[in-house]
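Reading the structure
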Amino acid sequence: MTETRLIDGKARAARLRADVAAAAVALKGSAGVVPGLCAVLVGEDPVSQVYIRSKGKATAEAGLAGFEEKLPASASEAELLAVIARLNADERIDGILVQLPLPPQIDPQRVIAAIDPRKDVDGFHAESNGLLWNGGQSLVPCTPYGCLLLIREAMPDRAGAEAVVLGRSNIVGKPMAGLLLAENCTVTIAHSRSRDLPAIARRADILVAAVGQPEMVRGDWIKPGAVVIDVGVNRRTAPDGKSVLVGDVAFAEAQGIAGAITPVPGGVGPMTIACLLRNTLIAACRRRGLAEPDL
Ligand code: NDP
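The rules behind each value
- Residues numbered from 1 in each chain as written.
- Predicted model: local features only at pLDDT ≥ 70, side-chain atom pairs only at ≥ 80, totals over all residues.
- Heavy atoms only, no water.
- Phe/Tyr/Trp six-rings, centres within 6.5 Å; stacked < 30°, edge-to-face > 60°.
- Lys NZ or Arg CZ within 6 Å of the ring centre and 35° of its normal.
- Near = heavy atom within 4 Å.
- Polar contact = N/O pair within 3.5 Å; in protein donor to acceptor, adjacent residues only side chain to side chain.
- Areas by Shrake-Rupley, 256 points an atom, 1.4 Å probe, with all protein chains shown as cover.
- Helix = DSSP H or I, 4+ residues; strand = E, 2+ residues; numbered from the N terminus.
- Expected span 1.5 Å × (residues − 1).
- Buried < 20%, exposed > 50% of the residue type's maximum accessible area, 1.4 Å probe, protein only.
- Arc of directions from axis to C-beta.
- Contact = heavy atoms within 4.5 Å.
- Disulfide = S-S within 2.5 Å.
- 1 Å grid on protein atoms, 1.4 Å probe; cavity = no way out; pocket = protein on both sides within 12 Å on 5 of 7 lines; lining within 4 Å.
- Points joined across faces, edges and corners; volume = space filled by probe spheres on them.
- Nonpolar A, V, L, I, M, F, W, Y, C, P; charged D, E, K, R; others polar.
- Pairing = 2+ DSSP bridges.
- Axes fitted to C-alpha atoms, helices over the stretch in contact; angles between N-to-C directions.

Here we look at the packing of aromatic side chains
Here a ring pair, both rings aromatic, is described through the centre-centre distance and the interplanar angle of the planes. The tally for this structure, following the rule as stated, stands at zero aromatic pairs. If you follow Arg278 out to its NZ or CZ, it ends over the ring of Tyr145, 4.1 Å from the centre.

Next comes the structure, spelled out in structure tokens:
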């Protein structure tokens, strides 16, 4: 039986946020630059409002300048594109974050395409994506980059490792696979049409689950000693009627099999915002041709 180590995403995220804050102080001192992050929110979606508030708080705590643009739910695509054009031209803004989902009258792909790739701190722009796969210098999507930082600590020697990514979304699965390939892993991407998922998963030295299916990955899908990164955030009603968060991995079953695993909550989640702050700082340095810290 393997002893399963808990990967503490909260602690790693706190360290990254402190590193970003220290780098922000240094950047202000050396170049007089305070990186600025603007969150754009269309409509009144309560979940999005909570996200935007916590991102705003984290931005201020890291010593970055936070900006907000709020548009009504009835805003047209042209109105939102005009806001993006203004933010692209605004020297104070280094990162533009458009909170998704957008109302149905707005095409998210057209909006993402309108963001200056140098300010694309979510890393969703096609140029950022292409650069990630080309081995170029790009801003990398926050959630997979956060996963990578956790994987690097849990498995210092990754070259040649079998990595399996469950899920192929543009936001998590695909960029995660690109990042693991760049780490010299042998990468498999599986999805809802893959045959025999348990057998594919069992090959993995590094298993990343990003499917949005509560506890889909069972204990016997996990290779003994594997590093398991659970990206899923699923709400489930417990027997006592309370709502609880569960991941895509059956966490209890993974104990004694996985070598290390992220909990839900407290694993990948806290890394996402920390990586957004990191991307904003990196974007500020790159846009001005300044040396960037290794974060
Ligand atoms: P999407 O719904 O965009 O993608 C889900 C992927 O999983 C798809 O590729 C889909 O396959 C695959 N999938 C779905 N069901 C199955 C199944 N039964 N068997 C195999 N593959 C399946 O989700 P996201 O990538 O945006 O998010 C994934 C999870 O991560 C969600 O729980 C989300 O809440 C969470 N998340 C967490 C974040 C964090 O900060 N912690 C940030 C972002 C997401 P196909 O392409 O074939 O349909």
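Here the narrative resumes.
Concerning the site of the ligand
Among the 20 residues in the neighbourhood of the ligand, the closest are listed as Arg168, Ser169, Ser192, Gln213 and Thr272. Contact between the ligand and Ser169: an oxygen atom at 2.5 Å from a side-chain N or O atom of the residue. Between the ligand and Gln213 there is a distance of 3.1 Å, counted from a nitrogen atom to a side-chain nitrogen or oxygen. Compared with its free state, where it exposes 920 Å², the ligand has 67% of that area covered by protein.

Observations concerning helix H3 (residues 77–89)
Given a rise of 1.5 Å per residue, 13 residues ought to cover 18 Å, and the 19 Å separating the end C-alpha atoms of H3 matches this to within 8%. Residues of H3 that are buried: Glu77, Leu80, Val83, Ile84 and Leu87. Seen along its axis, H3 keeps its buried residues to an arc of 125°; they face one direction. When the buried face of H3 is taken as reference, the exposed residues oriented beyond 90 degrees from it are Ala78 and Ala89. Buried-residue contacts for H3 involve strand E2 (36–42), strand E3 (65–71), strand E4 (95–98) and helix H4 (108–114).

What about the state of the cysteines?
Using the criterion set out here, one finds zero disulfides in the structure. Distance from the sulfur of Cys38, which forms no disulfide, to the nearest cysteine sulfur (Cys142) is 15 Å. For the unlinked cysteine Cys142, the closest cysteine sulfur is that of Cys275, found at 6.1 Å.

Some remarks on empty space enclosed by the protein
As enumerated under the stated definition, the model contains one cavity of 30 Å³ or more in all. For the largest cavity, the calculated volume is near 70 Å³. Along the walls of the largest cavity sit Ile96, Leu97, Val98, Leu100, Ile112, Ile115, Asp120, Asp122 and Phe124, which together make up its complete lining. In terms of residue count, the dominant contributor to the lining of the largest cavity is E4 (three residues). When grouped by side-chain class, the residues that make up the lining of the largest cavity number seven nonpolar, no polar and two charged.

So, the sheet that holds strand E6 (residues 186–190)
Ordered in space as E1-E11-E8-E7-E5-E6, the six strands form an open sheet in which the pairing is parallel. For this open sheet the edge positions go to strand E1 (5–6) and E6, each flanked by a neighbour on one side alone. Taken together, the four bridges between strand E7 (residues 206–209) and strand E8 (residues 227–230) define a ladder with parallel strand orientation. From the neighbouring strand, Ala209 faces E8, where its bridge partner is Asp230. Here helix H6 (residues 142–154) sits on the sheet in contact with E1, E7, E8 and strand E11 (260–261), set at roughly 160° to E8. In this fold helix H7 (residues 173–182) packs onto strand E5 (162–166), E6 and E7, with an angle of close to 170° to the strand it touches most, E5.

Some details on the pairing of strand E9 (residues 234–237)
The sheet contact formed by E9 and strand E10 (residues 243–246) spans four bridges and is antiparallel. Considered in E10, the bridge of Arg235 is made with Leu245. Remark: five residues form the turn of the hairpin made by E9 and E10, two consecutive strands paired antiparallel; Gly241 in that turn has positive phi of roughly 90°.

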